[in-house]
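# Observations on the model geometry
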Amino acid sequence: RGSKFSVRHLKMALLSSLRTPGLCGALSHLAMHIPLNLYKCVAGRVLCQLQACGAADVNAAVRSASAAFTVWSKLAGMERARVMLEAARLIGKRREEIAEIEVVNNGKSITEARLDVDSARLCIEYFAGQATTLSGQHVQLPGGSFAYTRREPLGVCVGIGAWNYPFQIAAWKSAPAIACGNSMVFKPSPVTPVTAVLLAEIYSQAGAPEGLFSVVQGGQETGSLLCHHPSVAKVSFTGSVPTGKKIMEMASRGVKPVTLELGGKSPLIIFEDTDLENAVRGALMANFLSQGQVCSNGTRVFVQSSILPPFLKEVARRTKAIQIGDPLLDETRMGALVSKPHLEKVLGYVTQAKKEGARVLCGGEPFIPADPKLKDGYYMTPCVLDGCTDDMTCVREEIFGPVMSVLSFDTEDEVLRRANDSALGLAAGVFTKDVKRAHRVIENLQAGSCFINNYNITPVEVPFGGYKASGIGRENGQVTIEFYTQLKTVVVEMGDVDSLF
Ligand SMILES: NC(=O)C1=CN([C@@H]2O[C@H](COP(=O)(O)OP(=O)(O)OC[C@H]3O[C@@H](n4cnc5c(N)ncnc54)[C@H](O)[C@@H]3O)[C@@H](O)[C@H]2O)C=CC1
Ligand SMILES: C[N+](C)(C)CCCC(=O)O
């Protein structure tokens, strides 16, 4: 009673995973005997076990993707766009179903899951448009000769996803890949194996050739088989920095390009001239989406000392009001963290912060929802840490949970130096009413994805990605075409060969 979470949702997720046969092309025979695993972060139980794909499965998937590539890469952009727009339409039609399964998959609130599904749809629509505009260049040379360039796809691309945005990541990787004429084998995180399979089903129903987008399940062994596979042309990865380094190393052996979307410890700078209400809202958006499990989160919140007391008061008031619990209820704003070990890791960071002298303004405790069905889920109260200093562990390391560290500063020069004092550089934000200061500060911040007077807004029309150790390449926006294509230059002689020999 009072809860929408039920066995029906668990069954639904399972059913969808068992629908796998027939939608992964060459993998359908494997899927018959792969019972998918669902760790239940929502309710704290395991539904069934996942069997990882081994070398034979990975080879079958890559073979199938190669076959799809030979057909797909020869289509006109308009023809590829038609399939992609149909896939986008199907996603829109199944929005609620996909969102509910994502909730069971990941633990985030239904409200956020719906937005993730929308972002996936928009991304596929956007790159369908890009597919129709791909073109080369024509260059006139002396004597009537000329040259032209062809923008060609790479081949079979591999996508390896993290667990924080399972469906959205699968779309952000596959949409530009297939728009450019590539095929993709995608491996979701073993913690969230389900919704990528729904995307495969949707592409297939939209008319994509068999094997164009297939899903293999498994963890690091399966991932490394994909990275080393000689028929794979590119690897696009989202996840942690240490794993990103390994991916790059593996890809380097085959001289394969990589796109890496890695971690962050991003700064959010709030100046005294800001609209305080907006700054507080921005700070919450920067820290508590997806239970704080977001790579771009602005977890180092620098507040100008003159407005620190009212900022802290308001941020604590709003944080305490965040509704935690059954993620399938519309009013819930914070669901479960992704797994028990991860919850323990995040709570461990709070304990460590207290030891190092930070003050817990609110939260940072395990949370047990009122609904008895959810009592073993992995919930915690969102936490604000005050009195943080630059050398504390909570300020140096990516916590990847609902923990905001507040630091105070006095001058612009000082805060810029401190904000940039990180090996990471994914995102950054500034809140101020001073237009000149806003642009000056952003120009001097070492980060790839920046925000002025908002945070964590990622329209698919603009590139997203990091500086420094936060990654290589970009996702979304026009520039991503360059990361999924290669240029062929063709020189055409219209006269005689002027041979030196
Ligand atoms: N910045 C971000 O976007 C993310 C950061 N993280 C951080 O990383 C921590 C660890 O989480 P994980 O899920 O283990 O992240 P991870 O980075 O190890 O895993 C991401 C993906 O890479 C795959 N993978 C792992 N090792 C691989 C290998 N050697 N070769 C090929 N593929 C491999 C995984 O199966 C998963 O699909 C989290 O606690 C969190 O702090 C996790 C996910 C996303
Ligand atoms: C959509 N947004 C900004 C909340 C997150 C996107 C990046 C990620 O996959 O963590």
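The residue numbering used here restarts from 1 in each chain and proceeds along that chain's sequence as written. Here chains are named by letter from A upward and ligands by number from 1 upward, in the order in which they appear as written. A pLDDT threshold of at least 70 governs which residues receive local features in this predicted model, and a stricter bar of 80 or more applies before side-chain atom pairs are shown or counted, although totals over entire chains, interfaces and linings include all residues. To get the side-chain values, all heavy atoms of the structure are used, and hydrogens and water are removed first.

As annotated in an unreviewed UniProt entry, the chain carries the name Aldehyde dehydrogenase family 9 member A1-B and is attributed to Sinocyclocheilus grahami. UniProt positions are given in the numbering used here, feature names are shortened, and annotations may be inferred rather than shown by experiment. Note on the chain: under the UniProt heading Function (unreviewed entry), the record states "Converts gamma-trimethylaminobutyraldehyde into gamma-butyrobetaine with high efficiency (in vitro). Can catalyze the irreversible oxidation of a broad range of aldehydes to the corresponding acids in an NAD-dependent reaction, but with low efficiency." Regarding the chain, the UniProt comment filed under Subunit (unreviewed entry) reads as follows: "Homotetramer."

Here we take up the domain arrangement of the chain. When the domains of the chain are assigned, the result is domain 1 (7–262 + 470–487) and domain 2 (267–452). Residue contacts follow a heavy-atom distance rule, with two residues in contact if any of their heavy atoms lie within 4.5 Å. The interface of domain 1 with domain 2 comprises 26 residues on the first partner and 30 residues on the second. By buried area we mean the combined loss of accessible area, with a 1.4 Å probe, across both parts when two parts are placed together. Interface area, domain 1 with domain 2, both sides summed: about 2,200 Å², of which 57% is carbon and sulfur. If you sort the residues of domain 1 by the area they bury against domain 2, Cys41, Trp163 and Ser470 come out on top, with a joint share of 23%. The working definition used for a salt bridge is a side-chain nitrogen of Lys or Arg within 4 Å of a carboxyl oxygen of Asp or Glu. If you look at where domain 1 meets domain 2, you find 1 salt bridge. Note that Asp330 and Arg114 form a salt bridge whose closest N and O atoms lie 3.0 Å from each other. Here a polar contact is recorded for every N or O atom pair within 3.5 Å, except that within protein the pair must consist of a potential hydrogen donor and a potential acceptor, and residues adjacent in sequence are included only if both atoms are side-chain atoms. For the pair domain 1 and domain 2, the interface holds 11 residue pairs in polar contact (both at pLDDT 80 or more). Put simply, the parts of the chain that give the side of domain 1 that touches domain 2 at least two residues each are α5 (95–106) and α6 (110–131). In terms of residue count, the dominant contributor to the side of domain 1 that touches domain 2 is α6 (4 residues). An automatic or database domain assignment provides the domain bounds reported here. Only runs of H or I of at least four residues qualify as helices and only runs of E of at least two qualify as strands under DSSP, and these elements are numbered from the N terminus.

As defined here, a cavity is a set of points on a 1 Å grid over the protein atoms alone where a 1.4 Å probe fits but cannot get out. A pocket is an open set with protein on both sides within 12 Å along at least five of seven lines, and residues line them when an atom is within 4 Å of a point. Grid points are joined across faces, edges and corners, and a volume is the space filled by probe spheres set on the points. Roughly 1,100 Å³ of internal volume is contained in the largest pocket. Along the walls of the largest pocket sit 45 residues, with Phe237, Gly239, Ser240, Val241 and Thr243 positioned nearest its centre. The set of elements that each furnish at least two residues to the lining of the largest pocket consists of α9 (220–228), β6 (232–238), α10 (241–253), α13 (340–355) and α14 (393–396). Residue contributions to the lining of the largest pocket peak at 8 residues, all from α10. Residues are grouped as follows: Ala, Val, Leu, Ile, Met, Phe, Trp, Tyr, Cys and Pro are nonpolar; Asp, Glu, Lys and Arg are charged; every other residue, Gly included, is polar. Its residues assigned to classes, the lining of the largest pocket shows 19 nonpolar, 15 polar and 11 charged. Two domains each provide a minimum of three residues to the lining of the largest pocket, namely domain 1 (7–262 + 470–487) and domain 2 (267–452).

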